[in-house]
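# Structural overview
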Amino acid sequence: MHVETIIFEPSDWVPNNQRLPVLLYKGLLDDDRRCDFEGRFAEGGWTDIWANGVFDYQHYHAGAHEVLGVARGSATLLIGGSGGQAIEVTAGDCLVLPAGTGHQNLGCTPDFQVVGAYPKGQQADIQTSAASNEMLAKIASVPIPHSDPVQGPSGFLTKTWREPPTSGRHTTARQALHSFHPRRP
């Protein structure tokens, strides 16, 4: 498994989140070529777990961070609005989208399914228009989760999202993705 991080600048009407990077975990499949996303997310304290697809229109959540684990199939997801990046995901991949991050399904295999969840106490509202100043303040005030949905309380998300921002720490959508290979326990 490795983790990629990317920061998206605002794009058209999608605000994105310039403070917190999108996290893309690659290769979470076990020996049986499966990943128990429901179990991982629940163990990490993420709630309102659901299984379905990703909407085929650009949207974002102002009141919650969201995790999407690819349980089956593959898809091309446009992350970050019209000026964002098309990202290929396959079974065993997992995206953590900070509040305000646009996402859309551009195309997928017929069996594509994601498992989604949100940090405890956060509400996943669906936004499809430009964010007002009030909405931007709401996005900025969404608390950082206490636990990484994939790796638990001491996982990559909790370390990365809690660090003070530093220049050059994350890439932007116009740069290559940064890879992190966590050590195995």
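Thresholds applied
Residues numbered from 1 in each chain as written. Predicted model: local features only at pLDDT ≥ 70, side-chain atom pairs only at ≥ 80, totals over all residues. Heavy atoms only, no water. Salt bridge = Lys/Arg side-chain N within 4 Å of Asp/Glu carboxyl O. Helix = DSSP H or I, 4+ residues; strand = E, 2+ residues; numbered from the N terminus. Buried < 20%, exposed > 50% of the residue type's maximum accessible area, 1.4 Å probe, protein only.

With that out of the way, let us pick up the pattern of salt bridges. If you walk through the whole model with that rule in mind, you get two salt bridges. Linking Asp93 and Lys26 is a salt bridge whose minimum nitrogen-to-oxygen distance equals 2.8 Å. Residue Asp93 is found in the loop between strand 6 (85–90) and strand 7 (94–97), and its partner Lys26 is found in strand 2 (residues 22–26); the two are separated by 67 residues along the sequence. Its salt-bridge partner being Lys138, residue Asp125 comes within 3.6 Å of it at the nearest N-O pair. Of the two residues, Asp125 is situated in the loop between strand 9 (113–119) and helix 2 (133–141) and Lys138 in helix 2; the sequence distance between them amounts to 13 residues. Note on Lys138: relative accessible area 38%, which makes it partly exposed.

Within the chain, Asn16 stands out as a residue other than glycine whose phi angle is a positive 60 degrees. Its location among the elements puts Asn16 in the loop between strand 1 (2–6) and strand 2. Taking relative accessible area as the criterion, Asn16 reaches 4% and is therefore assigned buried. The backbone of Asp48 sits at a positive phi, close to 50 degrees, despite the residue not being glycine. Structurally, Asp48 can be placed in strand 3 (residues 46–52). With a relative accessible area of 48%, Asp48 lands in the partly exposed category.

Here we take up the environment of Val70. Within the fold, Val70 resides in strand 4 (residues 66–72). Using a relative accessible area of 3% as the deciding quantity, one classes Val70 as buried. For the pair formed by Val70 and Cys35, sequence separation is 35 residues and the distance between their alpha carbons is 8.6 Å.

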